[in-house]
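Fold and contact review
The primary structure of each chain is shown beneath.
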Amino acid sequence: MDQNSSSGNLIIIDSDPSVLRVRTAIVQVLVWFFVYIDIFMLFTFFSKQAFRGTARYILFAHTLLVDSVLLLLTDLVVLFGYFNVRIPVSYCIVLCVLMGIGVKNTPYTITAMCLERYVAICMPLRHASISTTGRTMAAIAIIWAFSSVRLIMDLIIFTVLAPPGYFAMPTSCYYQVMLVTEWHNLMYVIFNQMDFVIIMVIILFCYTKIMLAAQAASGENKQSVSKGRRTLLLHGLQLILCMADLWTPYILAAVQKQSPHLYLPIRFFNFVAFTIISRALSPLIYGLRDKKFCLALKYYMSCKV
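Since the structure is predicted, the reported quantities are computational estimates derived from the model, not experimental observations.

1. Considerations on the overall build of the protein chain
A count of helical and extended segments in the protein chain gives 11 helices and two strands. For 305 residues, the compact-globule estimate of 2.2 N^0.38 gives 19 Å, and the C-alpha radius of gyration of the protein chain, at 21 Å, lies within 12% of that figure. Principal-axis analysis of the C-alpha atoms gives the protein chain an extent of 65 × 45 × 35 Å. Residues classed as buried in the protein chain amount to 51% of the 305 residues present.

2. Quick look at the packing of aromatic side chains
Each aromatic ring pair is characterised by the separation of its centres together with the angle its planes make. What the rule picks out here adds up to 12 aromatic pairs. The interplanar angle of 20° and the centroid separation of 6.1 Å between the aromatic rings of Tyr57 and Phe293 together place this pair among those described as stacked. With Tyr57 in helix H3 (residues 55–82) and Phe293 in helix H11 (residues 291–301), this residue pair connects regions lying 236 residues apart in the sequence. Of the residues examined, Tyr57 reaches a relative accessible area of 2% and is grouped as buried. Given the relative accessible area of 0%, Phe293 is considered buried. Aromatic rings pair up to connect Phe51, Tyr57, Phe60 and Phe293 into one cluster.

3. Observations concerning the environment of Ser172
Inspection of the secondary structure assignment puts Ser172 in the loop between strand S2 (170–171) and helix H7 (182–216). Residues Ser172 and Arg86, spaced 86 residues apart in sequence, show a C-alpha to C-alpha distance of 5.2 Å.

4. Side note on the state of the cysteines
Each disulfide is one covalent bond, formed between the sulfur atoms of two cysteines. Scanning all chains against the criterion turns up one disulfide. Disulfide partner of Cys92: Cys173, at an S-S distance of 2.4 Å. Torsion about the S-S bond of the Cys92 and Cys173 cystine: about 95°, corresponding to right-handed handedness. Taken together, the residues span a long stretch of sequence, with Cys92 in helix H4 (residues 89–122) and Cys173 in the loop between S2 and H7 at a distance of 81 residues. Both residues of the pair, Cys92 and Cys173, count as buried. Cys206 supplies the cysteine sulfur nearest to Cys114, a cysteine that is in no disulfide, at a spacing of 6.1 Å. No disulfide involves Cys122; its nearest neighbouring cysteine sulfur is the one of Cys206, lying 8.0 Å away. Judged by its relative accessible area of 28%, Cys122 falls in the partly exposed class.

5. Details of a nonpolar patch on the surface
A cluster of nonpolar side chains, namely Ile152, Ile156, Val160, Leu161 and Trp183, defines an oily patch on the protein surface of about 510 Å² accessible area. When residues of the nonpolar patch are assigned to their parent elements, the largest contribution, four residues, is made by helix H6 (residues 133–161). Structurally, Ile152 is set in helix H6.

6. Topic: the confidence of the model for the protein chain
Mean pLDDT over the protein chain: 82, with 91% of residues reaching 70 or higher. Looking across the protein chain, the model is least confident in helix H8 (residues 219–244), with a mean pLDDT of 74, and most confident in H6, with 91.

7. Digging into the nonpolar core
Formed by 39 residues in total, the largest nonpolar core has its most connected members in Met41, Phe45, Phe51, Phe60, Val225 and Phe293. With eight residues, H4 is the single largest residue contributor to this core. Counting residues in each nonpolar core, the second largest holds 24 residues, with Ile93, Leu95, Val103 and Tyr175 among its members.

8. Comments concerning H11
When H11 is considered as a whole, its buried residues turn out to be Phe293, Cys294, Ala296, Leu297 and Tyr300. Down the axis of H11, the buried set is contained in an arc of 160°. They therefore lie on one face. In H11, the exposed residues that point more than 90 degrees away from the buried face are Lys291, Lys292, Leu295 and Lys298. Tucked into the core, H11 has its buried residues touching helix H1 (17–47), helix H2 (49–52), H3 and helix H10 (263–288). Two or three places before Lys292, at the opening of H11, Asp290 has a side-chain oxygen 3.2 Å from that residue's backbone nitrogen. Remark: Cys303 follows H11 within two positions and exhibits a positive phi of approximately 60°.

Conventions adopted
- Throughout, residues of each chain are indexed from 1 in the direction in which the sequence is written.
- It should be noted that, the model being predicted, local features are given only for residues of pLDDT at least 70 and side-chain atom pairs only at 80 or more, the latter also being counted only at that level, while totals for whole chains, interfaces and linings use all residues.
- Working from all heavy atoms in the structure, the side-chain values ignore hydrogens and water.
- Here a helix means four or more residues in a row that DSSP labels H or I, a strand means two or more in a row labelled E, and each is numbered from the N terminus.
- In this setup the radius of gyration rests on C-alpha atoms only. A globule is expected at 2.2 Å times the number of residues raised to 0.38.
- Throughout, exposure labels follow a simple rule: accessible area from a 1.4 Å probe, protein chains only, divided by the maximum for the residue type, with under 20% read as buried, over 50% as exposed, and the rest as partly exposed.
- Here is the rule: rings of Phe, Tyr and Trp (six-membered ring for Trp) pair when centre to centre is within 6.5 Å. Planes less than 30 degrees apart are stacked, more than 60 are edge-to-face, and the remainder are tilted.
- Sulfur atoms of two cysteines make up a disulfide when they are within 2.5 Å.
- Patch definition: residues above 30% relative accessible area lacking any salt bridge, with like charges linked at up to 9 Å and the nonpolar side chains Val, Leu, Ile, Met, Phe, Trp and Tyr linked at up to 5 Å.
- Working definition of accessibility: Shrake-Rupley area with a 1.4 Å probe, residue cover restricted to the visible protein chains.
- Salt-bridge detection follows one rule: a side-chain nitrogen of Lys or Arg within 4 Å of a carboxyl oxygen of Asp or Glu.
- For every residue, the predictor assigns a confidence score, pLDDT, that lies between 0 and 100.
- By nonpolar core we mean a set of buried residues, namely Ala, Val, Leu, Ile, Met, Phe, Trp, Tyr and Cys, connected to one another through side-chain atoms within 4.5 Å.
- As used here, the arc is the angular range of directions from the helix axis to the C-beta atoms.
- Any two residues having at least one pair of non-hydrogen atoms within 4.5 Å are treated as being in contact.
- In the analysis that follows, any N or O atom pair within 3.5 Å is treated as a polar contact, provided that within protein one partner can donate a hydrogen and the other can accept it, and provided that, for residues neighboring in sequence, both atoms belong to side chains.

Right, here's the structure in full:
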């Protein structure tokens, strides 16, 4: 569930119970299918020392772990909506904070992976000294710190401004529960857009540098640079899908005013596309496209034959 996103309070009681059941079943199949893939890839990562000592694989495994937890927590909120379970605001805040950190973690980690590819291709002689295991773990710690700062800020503001008795009120769980004033909501929107702009500038910088390196490369180096360029393009698509979830509440608000009958279908599509599918791109980008990792996957899928 993204913060203030299409997945917040996702399942609303529909006039047709069969439609509600079908949508919930689709979510369950997609979530558990991708969680299974992520867990299997994490097993492959931890089974090989070569992967555990390489920066890009460590970042990849971190993304898989965070996305798996996020999908499971999101699915819990979806089931709460399906069974019309309302929980106290205080419990909802705990879920929102955990999911909010996961939502922020993914684009930050992908940005770090893009920078790692930039160093590997454009600064190959310094790559080994820069992309060490220790520095990679430090980068992950920084990512968690940046992901938590905004959440802690929102939590402090909410605690100060929340009216008496608000924490005990039953509610459907979504991030807007914490945004009790208009200026707080506006601040949240501004910071999200700033995140998006900064991340896209970094991606474009890395892509431009790799494009220039591709023009100067030849032979095997050219193939490696071309592969890095395609990887960055896929990362850019994944980031756009992840960050697009930040804009869906405003699109849905307009749809609700103009065409209320389209609200639930569009909300469901946004949730599947921007919350679930966007998290499914990580296994494709670094799992199936990487020859070493793909060979290891085949090895374990065939029961070590």
